[in-house]
Amino acid sequence: MDNKLVVSQSPHIQTTDNIQKIMLAVIIALFPTTLFSFYLFGIKAVMVVAVAIGSAILFEWLTAKYILKRSSTVWDLSAIVTGLLLALNVPSNLPIWMLLIGTFVAIVVVKLTFGGLGQNIFNPAIAARIFLLISFPVQMTSWPVPFQKSLSMFDAVTGATSLGIMKEGLKNGEQISQIMDKIPSHLEMFYGIMGGSIGEVSALLIILGGIYLIVRKVITWHIPVSVLGAVALFSALMWTINPNKYPDPLFELLTGGLMLGAFFMATDYTTSPMSKSGQIVFGIAIGMLTLIIRYWGAYPEGISFAILIMNSFVPLINKGFKPKLFGALKKKKN
Amino acid sequence: MLKTFSKGGVHPPEKKITSNKNIVNIELPKQVTILLNQNLGAPSKSIVKASDKVKVGQKIAEAGGFVSANIHSSVSGTVVKIDKVPDASGYKRDAIIINVEGDEWDESIDKSTELKAEITLTPEEIINKIQEMGIVGLGGATFPTHVKLKVPQGYKAEYLIINAVECEPFLTSDHQLMLEKTEQIIVGTKILMKALGVNKAFIGIENNKPDAIKLLTEKLTQKQDNSIEVVALKVKYPQGGEKQLIKAITGREVPSGGLPIYVGCVVQNVGTAFAVYEAVQHNKPLFERVVTLTGTNVPNPGNYLLRIGTPLLHFIEQTGGLPENIQKIVNGGPMMGKAIYDISMPVTKGTSGILYFDNSDSKRKTSQPCIRCAKCVNVCPQGLEPYQIMNFAERKQWQEAEVNHNLDCIECGSCSYVCPASRPLLDYIRLGKQNVAAIIKARTVK
């Protein structure tokens, strides 16, 4: 026999899935909400998305080539996902130079400094969003009203989000029923006919994308369901206690970045726990923290902070919540 | 809802291209090489010498201990020599090499093909017969069957479980055996039940073999036999793992580090049940078995009856030769089989399939850094964290590996299969297992 055989350990077959395909699935899942934002916020949203993705790719490529001097990881598409997620988390009239700072923070500081995909402690898009929110609070909370045709970056009509109006109203001692008249109806919120960050407005389309990811087995239901479940239960409790001071659960579920956060940000592989029990604990904590910030914090929205805080607990959760060992319970005879 | 095990599991493409292909005999080779370590446990000891004449079914090697098995000649002819030859892993092992002359069977073997349903032997006689006839587990692990039938003190067998799951992709030898030897398998199961003293047996079959499920159920209904129950299982790998199969059928969990008998179960492969039938009812030792020839670009895929010791090269030539682009040959299934180092190696009692891989799928994809997707954790049927054990093994942190239940791994390969970063998880977990086991052994010696 002249030709040698390949010898390797079992298994001899591998899944056809790979990192690139997984990232592509995430991008596909974000398509509906992205396209809807183009329809809602026009050419500015297109520009923000394009610049965020383009600059994320550029930063990833430049850092790999000139600083880390290693082969480029641009082709795993993770930079595109990060850029897109950041774009979906900012208002459409955010000045481009601020956006560039955001993608730089996400890709270079939060992701690559820690070693790149799989090594970062914090979700890059979330960390960058919070960096921008703290650095540029005005620009990050000026939400253009939907369906404006203006091309200019500066003269868009902006308004507060439902969460902002709610927070402001409650601070001024208004009744919830009065505030509710000033904001879109629950159905409008569900469809996403309202102001907000580019990709967070339509609960319907985000849920569709999330279901696609679950069916495609990119994520499991554990994190999104526990985040949303915790928010629903906790807010239902508070609403029952005092419906004049705490909005109804549906309002909490449909406003802000909760849906986007629950399906696309909290489920980030690298910055979420490994075991299912750990993922549920992580999700519940995110849901609770989000409401605590919304109810009693300084900011109207708390999902980003909640995810960032829980990111830092992931190593601890991984230690404390291990998968259940097969045959661990019934140790009868030895 | 079909039954299955609850934790983890994967479903690779089934690719059972040889299902419903009748079992075919192939021409006897000119020479056979019968390895002396064909079973799990101690190797057997040769009792023949060069130039001895042997018949088919004549004992040529004795068990080298309790956990070991006798070996019988698979051909008639003359012993040439006892020599070291490479086994499936490429290690040189002792083997008896016999030149084939005719096909003369030992007189004690009942060559009749009619069904012998009546079981006359006592349980003890059955176990002795099985031990004498060199029966080992034919699912691939080759654990001596008589050892499993001797229930240790303090335990009682409640259920016999016949493993007819064949959860490995490609393999169909068990499936075909069930279709062709249905009655014999039922009698074999009865014999095993009698040996164990149990009143209930389950035959677990995955639902991708509906014809086998139907046939066995029909035969049992005809006999009005309620003691044996056919259980259709959802297709999920590694359902053929003993612990997973017991969980799927009875809901019981074998404790970590424990044996199936701890929860009252004994698992035997369906091929073993057939071998037991032949041994007990026809006095026929284990010297041949069904082997599936399959894979990519196989000239004549099918299920073949091969004598133990047939050189793989002979088998390959008889079935149309090796296509040029074949780069890897696997002994067993694609998930747990062993890649063959040298095609001069012989067929052994554990050869359930021969699998060809061409150059497109013989090499692994390049390993990338872990992205912590937790897919390995989700698919592990044992509830382990493969990524973490791999990390510990990479850094030689054996104690950490032990604490994280390294030894509970059943080496099913689901983690390596599912990893989107193509990380060699199982390679490192195996490394960890060896080192942890050595450390534990050293500890008990002190």
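In this text, all values refer to a predicted model and were calculated from it rather than measured experimentally.

A. View of the overall build of chain B. When helices and strands are tallied, chain B shows 13 helices and 17 strands. Against the globule reference of 22 Å for 446 residues, chain B gives a C-alpha radius of gyration of 22 Å, in line with a compact fold. For the C-alpha atoms alone, the extent of chain B along its principal axes is close to 65 × 50 × 50 Å. In chain B, buried positions account for 57% of the 446 residues. Within chain B, residue pairs in contact and separated by at least 24 positions form 74% of the contacts whose partners lie at least 6 positions apart. For chain B, the computed accessible surface area is about 17600 Å², with 50% contributed by carbon and sulfur atoms. Across chain B, the centroid of the 53 positively charged side chains sits 6 Å from that of the 45 negatively charged ones.

B. Up close: the packing of aromatic side chains. Applying the stated criterion to the full structure yields 15 aromatic pairs over all chains. When the ring of Phe234 of chain A is compared with that of Tyr295 of chain A, the centres are 6.1 Å apart and the planes differ by 70°; the resulting orientation is edge-to-face. Residue Phe234 of chain A is found in helix H11 (residues 222–241), and its partner Tyr295 of chain A is found in helix H14 (residues 276–296); the two are separated by 61 residues along the sequence. Accessibility expressed as a relative area gives 13% for Phe234 of chain A, which makes it buried. Classification of Tyr295 of chain A by relative accessible area gives buried; the value is 13%. A ring pair is formed by Tyr246 of chain A and Tyr295 of chain A, whose centres lie 4.8 Å apart and whose planes are at 70°; its orientation type is edge-to-face. With Tyr246 of chain A in the loop between H11 and helix H12 (249–254) and Tyr295 of chain A in helix H14, this pair connects stretches of sequence that are 49 residues apart. Side by side, Tyr246 of chain A and Tyr295 of chain A carry an identical accessibility label, which is buried. Members of the aromatic cluster, connected to one another through ring pairs, are Phe234, Tyr246, Tyr295 and Trp296 of chain A. Over the aromatic face of Trp105 of chain B sits the side chain of Lys111 of chain B, whose NZ or CZ is 4.4 Å from the ring centroid.

C. Region of the structure containing helix H1 (residues 123–132) of chain B. Residues and elements named next belong to chain B. Turning to H1, its buried residues are Ile126, Ile127 and Ile130. Buried residues in H1, looked at end-on, bunch into an arc of 95°, giving them a common side. Turning to H1, the residues buried within the fold contact helix H2 (145–149), helix H4 (182–196) and helix H7 (270–282). Gly134 sits one or two positions beyond H1 and adopts a positive phi of about 70°.

D. Broad picture of the interface of chain A and chain B. Residue-level contacts link 43 residues of chain A with 68 residues of chain B. Roughly 4800 Å² is buried in total at the junction of chain A and chain B, and carbon and sulfur atoms are behind 56% of that figure. If you look at where chain A meets chain B, you find 2 salt bridges. Residue Glu253 of chain B is joined to Lys324 of chain A by a salt bridge in which the shortest nitrogen-to-oxygen separation is 3.9 Å. Our count for the contact surface shared by chain A and chain B stands at 21 residue pairs in polar contact (both at pLDDT 80 or more). Elements with a minimum of two residues in the side of chain A that touches chain B: helix H1 (19–41) and H14 of chain A. For the side of chain A that touches chain B, the per-class residue count stands at 16 nonpolar, 17 polar and 10 charged.

E. The sheet that holds strand E3 (residues 45–46) of chain B, seen in detail. Reading across from one edge, E3-E5-E6 (chain B) is the order of the 3 strands in this open sheet, with antiparallel pairing throughout. In this open sheet, the two edge strands, each paired with only one partner strand, are E3 and strand E6 (71–72) of chain B.

F. How the structure looks around the pairing of strand E15 (residues 326–331) of chain B. Residue and element names in this part refer to chain B. Extensive coverage of E15 is indicated by the burial of 5 of its 6 residues. In terms of strand pairing, E15 meets strand E17 (residues 353–358) through 5 bridges, oriented antiparallel. What sits directly across from Asn331, in E17, is Ile354. Pairing geometry for E15 and strand E16 (residues 338–339), over 2 bridges, is antiparallel. Residue Asn331 lies in a different strand from E16, and its bridge partner there is Lys338. Linking E15 to E16, which pair antiparallel, is a turn of 6 residues; within it Gly332 sits at a positive phi near 115°.

G. Representation of the environment of Phe274 of chain B within the structure. Residue and element names in this part refer to chain B. In this structure, Phe274 sits in helix H7. On the basis of relative accessible area, Phe274 is assigned to the buried category, the value being 12%. The spacing of Phe274 and Leu138 is 136 residues in sequence and 9.8 Å in space, taken between C-alpha atoms. Discounting residues that sit within four places of it in the chain, Phe274 has contacts with Leu177, Lys181, Gln184 and Ile185.

H. Highlighting H7 of chain B. All names here are of chain B. Its 13 residues place the ends of H7 18 Å apart at the C-alpha level, agreeing with the 18 Å of an ideal helix rising 1.5 Å per residue. Of all 13 residues in H7, 13 are buried; the element is thus mostly enclosed. If you check the start of H7, you find a side-chain oxygen 2.6 Å away from the backbone N of Gly271, and it comes from Asn269. Two residues or fewer past H7, Asn283 is found with a positive phi of approximately 60°.

I. Broad picture of the state of the cysteines. All names here are of chain B. If you walk through the whole model with that rule in mind, you get 0 disulfides over all chains. Residue Cys167 stays outside any disulfide, its sulfur separated by 9.0 Å from that of Cys412, the closest cysteine. Look at Cys167 and you get buried, because its relative accessible area is 15%.

J. Unusual backbone geometry, seen in detail. Backbone torsion omega between Ser10 of chain A and Pro11 of chain A reads -5°, so that peptide bond is classified as cis. Within the secondary structure layout, Pro11 of chain A lies in the segment before H1. In this chain, Tyr237 of chain B is followed by Pro238 of chain B through a cis amide linkage whose omega measures 0°. Although it is not a glycine, Lys69 of chain A sits at a positive phi angle of roughly 50°. Relative to the helices and strands, Lys69 of chain A is located in the loop between helix H2 (43–67) and helix H3 (78–88). Even without glycine at this site, Thr142 of chain B takes up a positive phi of about 50°. Assignment of secondary structure puts Thr142 of chain B in the loop between H1 and H2.

What counts as what
- Residues numbered from 1 in each chain as written.
- Chains lettered and ligands numbered in written order.
- Predicted model: local features only at pLDDT ≥ 70, side-chain atom pairs only at ≥ 80, totals over all residues.
- Heavy atoms only, no water.
- Helix = DSSP H or I, 4+ residues; strand = E, 2+ residues; numbered from the N terminus.
- Rg over C-alpha atoms; globule rule 2.2 N^0.38 Å.
- Buried < 20%, exposed > 50% of the residue type's maximum accessible area, 1.4 Å probe, protein only.
- Contact = heavy atoms within 4.5 Å.
- Areas by Shrake-Rupley, 256 points an atom, 1.4 Å probe, with all protein chains shown as cover.
- Lys, Arg positive; Asp, Glu negative; His and termini not counted.
- Charge placed at Lys NZ, Arg CZ, Asp CG, Glu CD.
- Phe/Tyr/Trp six-rings, centres within 6.5 Å; stacked < 30°, edge-to-face > 60°.
- Lys NZ or Arg CZ within 6 Å of the ring centre and 35° of its normal.
- Arc of directions from axis to C-beta.
- Buried area = accessible area lost by both parts, 1.4 Å probe.
- Salt bridge = Lys/Arg side-chain N within 4 Å of Asp/Glu carboxyl O.
- Polar contact = N/O pair within 3.5 Å; in protein donor to acceptor, adjacent residues only side chain to side chain.
- Nonpolar A, V, L, I, M, F, W, Y, C, P; charged D, E, K, R; others polar.
- Pairing = 2+ DSSP bridges.
- Expected span 1.5 Å × (residues − 1).
- Disulfide = S-S within 2.5 Å.

Such coordinate-based values are descriptive only and should not be taken to indicate function.
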